[in-house]
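Each chain is listed here by its residues.
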Amino acid sequence: MALLSIQQLQKYYSSKHTQSHVLQGIDLDVKKGEVIVILGPSGCGKSTLLRCINGLEPIEGGEIRLADSGVLGQDIPWTDVRQKIGMVFQNYELFGHLTVIDNILLGPLKVQKRQRAEAEQAADALLKRVGLFDRKHDYPRQLSGGQKQRIAIVRALAMNPEVILLDEITAALDPEMVREVLDVVLRLAKEGMTMLIVTHEMSFARNVADRVVFMDHGKIVESASPDHFFDNPSTERARAFLNILAY
Ligand SMILES: Nc1ncnc2c1ncn2[C@@H]1O[C@H](COP(=O)(O)OP(=O)(O)OP(=O)(O)O)[C@@H](O)[C@H]1O
């Protein structure tokens, strides 16, 4: 049985005069421990899909189900969903007025109401895993982009989520910092973390993914193993996408 199951997900963005149908019936099952990389041309709906799964965007149809908890937004309120499904964004979204450790502990203490000693011990262990324990009392402005992004990953992990969503987490980084962040994600994948990843780093995508999902115009048009997708894509649209990247 899937850990995360998305059925017939529909999402529209409306403005005064126009309405765009951004997700047009997305079906996706994610197994526990599976790493799915979502690829597709700019504007096809990748970020929107992640934002809907995390309840940051309301959905207009279909449902998202987490195995043990039920339908998101119905059986589990969205505020609880964000404890079970963590998200990391392109621009870190750390609070500038809080130290690293206070950024990390915000969710565990305020939302999950855990004891500080236990939560801080767990946070310390995570900081050590990403090599940033010595920056625990720094403010975000004292850190490089790559360090901030590793802290943002720790902050998501500190809630003990069942799934994490990574939305172009290296897109704002200087090239020399990309590796240190992707290495953390590769390690999480090896440890069995269930992840949905939107990235433009194709060699990383091929390395980390158990499955590649290719989207175009709000639909999933291909779902395949990374080797199959990159060496022998089934659809013309995926071939065109990969050809453009080759230039
Ligand atoms: N808040 C919003 N209001 C209105 N339209 C939006 C909003 N967010 C995204 N869109 C539109 O929805 C479509 C899908 O956007 P989305 O950001 O999900 O695409 P994407 O595949 O992640 O693109 P990219 O690779 O460029 O980040 C685009 O046409 C975008 O302009």
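Predicted model only: the values in this text are computed from it and were never measured.

Turning to the UniProt feature "domain: ABC transporter" (unreviewed entry) in the protein chain, a few remarks are in order. Under the local residue numbering, the UniProt record ascribes the feature "domain: ABC transporter" (unreviewed entry) to residues 4-242. For residues 4-242, helix accounts for 38% and strand for 26%, while the C-alpha atoms at its two ends are 28 Å apart.

One rule of thumb: low pLDDT means the predicted coordinates there are not for detailed reading. Confidence in the prediction for the protein chain averages 94 pLDDT; 99% of positions are at 70 or higher. Model confidence for the complex: the whole-complex pTM is 0.95, and ipTM, which rates the interface, is 0.96.

Moving on to the site of the ligand. As a structural note, the neighbourhood of the ligand is formed by Tyr-13, Val-22, Gly-40, Ser-42, Gly-43, Cys-44, Gly-45, Lys-46, Ser-47 and Thr-48. Of the residues belonging to the shell around the ligand, the class tally is three nonpolar, six polar and one charged.

Spatially, four strands are ordered 2-1-4-5 in an open sheet, and the strand pairing comes out antiparallel. With one partner strand each, in any of the chains shown, strand 2 (19-30) and strand 5 (70-71) form the two edges of the open sheet. As judged from the two bridges shared by strand 4 (residues 61-66) and strand 5, these two strands associate in the antiparallel manner. Looking at the pairing, Leu-66 lines up with Gly-70 of strand 5. Strands strand 1 (4-14), strand 2 and strand 4 of the sheet are contacted by helix 1 (residues 46-53), whose axis makes an angle of about 65° with strand 2.

What follows concerns the packing of helix 5 (residues 145-157) against helix 6 (residues 175-190). When two helices pack together, you describe them by how their axes are tilted relative to each other and by the distance separating the axes. Contact geometry of helix 5 with helix 6 gives a least axis separation of 8 Å together with a crossing angle of 15°. Of the possible angle classes, the one that applies to helix 5 and helix 6 is roughly parallel. For the pair helix 5 and helix 6, the crossing hand works out as right-handed. In this structure, helix 5 contributes Gly-145, Gly-146, Gln-149, Arg-150 and Ile-153 to the contact, and helix 6 contributes Met-177, Glu-180, Val-181 and Val-184. Taken together, the residues of the contact of helix 5 with helix 6 sort by class into four nonpolar, three polar and two charged.

This part is about the sheet that holds strand 9 (residues 211-216). If you trace the six strands from one edge of the open sheet to the other, you get 6-7-8-3-9-10, paired in mixed fashion. Two strands bound the open sheet, and with one partner strand each, they are strand 6 (85-88) and strand 10 (219-224). In this sheet, neighbouring strand axes are inclined to one another by 20° on average, regardless of whether the strands run parallel or antiparallel. Here four bridges tie strand 3 (residues 35-39) to strand 8 (residues 194-198), and the two strands are oriented parallel to one another. By the bridge assignment, Val-37 is partnered in strand 8 with Ile-197.

Our next topic: the nonpolar core. Counting residues in hydrophobic clusters, the biggest one holds 71 residues, and the most contacted among them are Val-37, Ile-38, Val-88, Leu-165, Leu-166, Leu-196 and Ile-197. When residues in this core are grouped by element, the largest group, six residues, is from helix 5. In this structure, Leu-165 is in contact with Leu-50, Ile-53, Asn-54, Ile-85, Met-87 and Leu-196, ignoring residues within four places of it in sequence.

Among the secondary structure elements, Leu-50 is positioned in helix 1. Given 23 C-beta atoms within 10 Å, Leu-50 falls into the buried group. Between the C-alpha atoms of Leu-50 and Val-198, which are 148 residues apart in sequence, the distance is 8.4 Å. Those residues in contact with Leu-50, other than ones at most four positions away along the chain, are Met-87, Leu-165, Asp-167, Leu-196 and Val-198.

With that out of the way, let us pick up helix 3 (residues 100-111). When the terminal C-alpha atoms of helix 3 are compared, their 17 Å separation across twelve residues agrees well with the 16 Å that a helix rising 1.5 Å per residue should span. Along its buried surface, helix 3 packs onto helix 4 (116-129) and helix 5. Just downstream of helix 3, Lys-113 is the residue with a positive phi angle, here 55°.

Definitions and cut-offs
Residues numbered from 1 in each chain as written. Predicted model: local features only at pLDDT ≥ 70, side-chain atom pairs only at ≥ 80, totals over all residues. UniProt positions renumbered as here; feature names shortened; annotations may be inferred. Helix = DSSP H or I, 4+ residues; strand = E, 2+ residues; numbered from the N terminus. pLDDT = per-residue confidence, 0-100. Near = placed C-beta within 6 Å. Nonpolar A, V, L, I, M, F, W, Y, C, P; charged D, E, K, R; others polar. Pairing = 2+ DSSP bridges. Contact = placed C-beta atoms within 7 Å. Axes fitted to C-alpha atoms, helices over the stretch in contact; angles between N-to-C directions. Parallel < 35°, antiparallel > 145°, perpendicular 65-115°, else oblique. Left-handed = near helix turned anticlockwise from the far one by under 90°. Core = buried A, V, L, I, M, F, W, Y, C linked by C-beta atoms within 7 Å. Buried ≥ 20, exposed ≤ 12 C-beta atoms within 10 Å, placed from the backbone. Expected span 1.5 Å × (residues − 1).

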